[in-house]
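An overview of the molecular structure
The lines below spell out each chain.
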Amino acid sequence: MTAPNPKRRTVSTELAALAMGVSEATIRKWASRGKITRYGRKQRAEYDLDELLALREDEAPMPTVGRQTPDL
């Protein structure tokens, strides 16, 4: 674990999960696999909000060009 940077905006596991639209277990799994960086103390995990938002943008589905939705 790394000490928090004063410029880093960190959020709890609960808020990280909410921001990413996944479960808290998924956030912990991503951290253990190195997909995201875990900060904080042993009993208080925190995650960099900017890192999470960048990851969300990278994983956003690409819009399909020319695809039409059927009329309902």
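As a reminder, the structure under discussion sits directly above these lines.
Residues numbered from 1 in each chain as written. Predicted model: local features only at pLDDT ≥ 70, side-chain atom pairs only at ≥ 80, totals over all residues. Heavy atoms only, no water.

**Description of the overall build of the protein**
A count of helical and extended segments in the protein gives three helices and three strands. Taken from the N to the C terminus, the helices and strands of the protein come in the order β-α-α-β-β-α. Taking all 72 residues of the protein together, 26% fall into the buried category. Partitioning the contacts of the protein with sequence separation of at least 6, the portion at a separation of at least 24 is 51%. Carbon and sulfur atoms form 51% of the exposed surface of the protein, whose accessible area is close to 5,800 Å². (Helix = DSSP H or I, 4+ residues; strand = E, 2+ residues; numbered from the N terminus. Buried < 20%, exposed > 50% of the residue type's maximum accessible area, 1.4 Å probe, protein only. Contact = heavy atoms within 4.5 Å. Areas by Shrake-Rupley, 256 points an atom, 1.4 Å probe, with all protein chains shown as cover.)

**Concerning the packing of helix α1 (residues 13-20) against helix α2 (residues 24-32)**
Describing two packed helices takes the angle between their axes plus the distance from one axis to the other. α2 packs onto α1 with a crossing angle of 100 degrees between their chain directions and a minimal axis gap of 8 Å. Relative to α2, the element α1 lies roughly perpendicular. Across the interface between the two elements, Thr13, Glu14, Ala16, Ala17 and Met20 of α1 pack against Glu24, Ile27, Arg28 and Trp30 of α2. Its residues placed into classes, the contact of α1 with α2 shows five nonpolar, one polar and three charged. (Axes fitted to C-alpha atoms, helices over the stretch in contact; angles between N-to-C directions. Parallel < 35°, antiparallel > 145°, perpendicular 65-115°, else oblique. Nonpolar A, V, L, I, M, F, W, Y, C, P; charged D, E, K, R; others polar.)

**A word on the packing of aromatic side chains**
On inspection of all chains with the given rule, the structure shows zero aromatic pairs. Lying across the ring of Trp30, Lys35 places its NZ or CZ 4.4 Å from the centre. (Phe/Tyr/Trp six-rings, centres within 6.5 Å; stacked < 30°, edge-to-face > 60°. Lys NZ or Arg CZ within 6 Å of the ring centre and 35° of its normal.)

**Quick look at the nonpolar core**
Residues Ala16, Met20, Ile27, Trp30, Ile36, Tyr47 and Leu52 are the most contacted members of the largest nonpolar core, which totals 13 residues. Setting aside anything within four residues of it in sequence, one finds Ile36 in contact with Ile27, Trp30, Ala31, Tyr47, Glu51, Leu52 and Leu55. (Core = buried A, V, L, I, M, F, W, Y, C linked by side-chain atoms within 4.5 Å.)

**Considering the sheet that holds strand β2 (residues 38-41)**
Hydrogen bonds between backbone groups are what pair the strands of a sheet, and the pairing can be parallel or antiparallel. Here we have three strands laid out as an open sheet, ordered β1-β3-β2, and antiparallel in their pairing. Unpaired on one side and paired on the other, β1 (10-12) and β2 mark the two borders of the sheet. Neighbouring strand axes in the sheet, compared pairwise and without regard to direction, differ in orientation by 40 degrees on average. By the bridge criterion, three bridges tie β1 to strand β3 (residues 44-48) in an arrangement that is antiparallel. Bridge pairing in β3 places Ser12 opposite Glu46. In this fold helix α3 (residues 49-58) packs onto β1, β2 and β3, with an angle of close to 55 degrees to the strand it touches most, β3. (Pairing = 2+ DSSP bridges.)

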